[in-house]
Each structure stands twice: as C-alpha cells, then as structure tokens.
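Overview (structure and organization)
The primary structure of each chain is shown beneath.
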Amino acid sequence: MRLCPFLVLFVFGQSDCLNENANDNFKLMDWSSLKELQQGMKTARSGDVPNDADLDLDYDTVARLASLPLHCHSVEYPNKLNGVLQDQSELLSPSELHPIFYGCFDWHSSVHGHWLLARAAALFPDTDLAQNVSAVFNEQFTAEKVEQELKYFQRKAASAFERTYGWAWLVKLQEELEKSSLETGSSWNVILRPLTDHVVSTWKTFLPKLVYPVRVGEHANTAFGLALALDYARTTGVQDEELENLIAFNSTEFYQPDKLCPINYEPSGYDFLSPCLQEADLMVRVIQDQEEFTNWLKNFLPQLFDPDFVLQPGEVVDRTDGKLVHLDGVNFSRAWSLYGLAKRLGGDDGKRLVEMGDTHVRTSFENVV
C-alpha cells in the first residue's frame, strides 16, 4: 500500500504549541493524513520511477500516526479557543464549550484528528486500531454532545467561527463517517449530521457573499475549503447538488481566468498550503473536460510542464517554533496536490509530478512520523 497518495501531514494548528515550554505529549501532534488517490496513483506511477519502498504505508505506520489523536482527543490543555465571547456566562472550559472537539490544541485540529482516526480505521478494519477508534467514537459521538457543539455554532457571535478551514475538516470527517456507515453499518454519521448540516447551511449562505477568494498559504485559503467541501457534496449518501453548484460557480468565477501563478514566490515564511497548487487541486475537481483542464493548467502553471522545472521543498530550521514548523506541512500539502495533478495528467508529466511530490514527502516525513 502506497504511503504518498495516502499521507498528507499538516503540521499546523497544534504545532503552535511547539515551543521551548511545550509538553512532550503535544509535540508534532498536529498533522493529518489524506487519501483520495490510491487507485489513480497506481496508474500515475506506472513506468520507470525510482524505488519508493520507503514510501509504502503499512499498519505499523498508520498505528503510529493514529496514536497522536488517540491520545490528544481528550487532552484539554493547552488550548486555543479562537472564539468570541458574548458575555461572562460564556467563560467556560474548552470541554464545556466543545464537548467533542476540545482536545488537540484547537477545534479544527481536533476535528481533523477525528477524521484521521476514521480514515485509519477504514484502511485497517478488524484490527486493534479499528477497535480502539470505535471505542473513542462511541464515547465521542453522542446526541447530547453534538447538541452542545451545535449550540455553540448557533450563537450570533459564532457565525464565522472556524470559517472556512474548520468547516472544511468537519465536512471531510462527515464524508468519512458516511463511507463508514455504508461499509460497517456504524451510525456516527447520523449522530454528527445535525452539526454538519448547520455548517453546510452557513457555508451556502456565505458563498454568494464571497466576492474575492482568499489566496494565502494558511487556514483561510478559499481553494482548500472549497476542494474538501466539493468532495463532501459529491459523496454517496450526501450528494448535495446545491452545494456542488455553488462551489463550481465560485471556483469558476474566482480561478478560471487566472494565469501565470507565481509559484516561484512560494512559500511564505510559515505557509502550510501552496496557494498556487491548492488552486490547481481544486480545479482538478471543477473542470471536467480533460482538454479544457490541461489548457487551463498550462496557462496557470506552465512550469509544471517543463522537464527542467525544480520546486524546492520548504525548509524548517527551528522545529520548536510553532509557526515555522508549518513548512513541513507545506511539503505534504504540495505533495497531495501534485499527486492529484499527476493522476489527472498521466503520462510523462504525471510521472514527473509524482517524483516531485515524493521529494517533498521525503523532506519532512521523518520529522513528523
């Protein structure tokens, strides 16, 4: 089983607590793995490519990755709430405000930690790991806890809470739970759905108001959120045509005219996303016609078609700095985008992009896993 198309380690969120006073239990806790391309990448990798046995994904590696959110999902402090208080009555502990997603330093990190657990259990069912994840989810996903999480979001002061990065990870988690329901008969998707439905409704209200995309390399990046939301909208059991159409419209308006993205200016000081590649990763999903997509990409990132183009991985010189360590995350998120582009393009261009992604993964892998 291939590691590269499975693994995207985002070293952000909880990495903010990686300073000289950080508790060792939290170090390198904020990563997540993402797998959408396994079968397609087998095709992209056909032909002569370097030996990549070091990038194979096995049970022990997944178990090590999952051990982080298995631990931190119930660790309340340190904690970054990022909320707006309406009055003194809301001066509550993280676990009172967010009885499910209070661990792992902040709300969105807890959410994508839960997603990682769901994905890990799906990769290795009928194992001790899957049993441990089920035990956690049975405790975490209860109607009472979801109701409390929902109440927080229904507050007027919370209308923009975790917009849109945390929203994106919530729908990604819901997507995985929908798949789990079909494969195992679990009911966690039904339990969590009221919270997800509220966030999706808020997103639908927000998208027509968003006149300009946010193109930064951190949480607010519009393309990242839209990509995960589009995957969710197309999920079996969800199939939200209204959301899909809104995303397709905004994406086309925002990004289809774009040309010559300055990827050589990247990364910024503590990016964990590539603004250029993240946009391309979204348009892989949006532009259905192959010729149209290839032409768009040649205008947007012509460098990717140049056999001599080299994209240097991000360099981290101080992993005790919770912001600078984001650059490990940019290496993994770049790889994720490059693999998606490789799958879409195929041929020699696809093989070259896979190798470029592998270089980025190898640069940071041992520092995170």
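This report concerns the structure included in the present document. This structure is a prediction, so every number in the text was calculated from the model and none was measured.

Quick notes on the overall build of the protein chain
Of regular secondary structure, the protein chain possesses 14 helices and 0 strands. Split into buried and exposed, the 369 residues of the protein chain put 57% on the buried side. When contacts within the protein chain are restricted to residue pairs at least 6 apart in sequence, long-range pairs at least 24 apart make up 77% of them.

Observations regarding the state of the cysteines
The tally for this structure, following the rule as stated, stands at 2 disulfides. Note that Cys-72 is cross-linked by a disulfide to Cys-104, the S-S spacing being 1.8 Å. On the sign convention where negative is left-handed, the bridge of Cys-72 and Cys-104, at about 80° about the S-S bond, is right-handed. One end of the pair, Cys-72, is in helix H2 (residues 59-72); the other, Cys-104, is in the loop between helix H3 (94-97) and helix H4 (107-123), with 32 residues separating them in the sequence. This pair shows no difference in class: Cys-72 is buried, exactly as Cys-104 is. Between Cys-261 and Cys-276 runs a disulfide, and the two sulfur atoms are separated by 2.0 Å.

Topic: H2
End to end, H2 covers 20 Å across 14 residues, agreeing with the expected 20 Å (1.5 Å per residue, within 8%). Residue Ala-66 marks the point of greatest curvature in H2, where the axis turns by about 25°; the proline Pro-69 follows within four residues. For H2, the full list of buried residues reads Thr-61, Val-62, Leu-65, Ala-66, Leu-68, Pro-69 and Cys-72. The secondary structure elements touched by the buried residues of H2 are H4, helix H5 (128-140) and helix H14 (347-368).

Thresholds, definitions, all that
- Residues numbered from 1 in each chain as written.
- Predicted model: local features only at pLDDT ≥ 70, side-chain atom pairs only at ≥ 80, totals over all residues.
- Heavy atoms only, no water.
- Helix = DSSP H or I, 4+ residues; strand = E, 2+ residues; numbered from the N terminus.
- Buried < 20%, exposed > 50% of the residue type's maximum accessible area, 1.4 Å probe, protein only.
- Contact = heavy atoms within 4.5 Å.
- Disulfide = S-S within 2.5 Å.
- Expected span 1.5 Å × (residues − 1).
- Bend = angle between axes of the 7 residues up to and from the residue.

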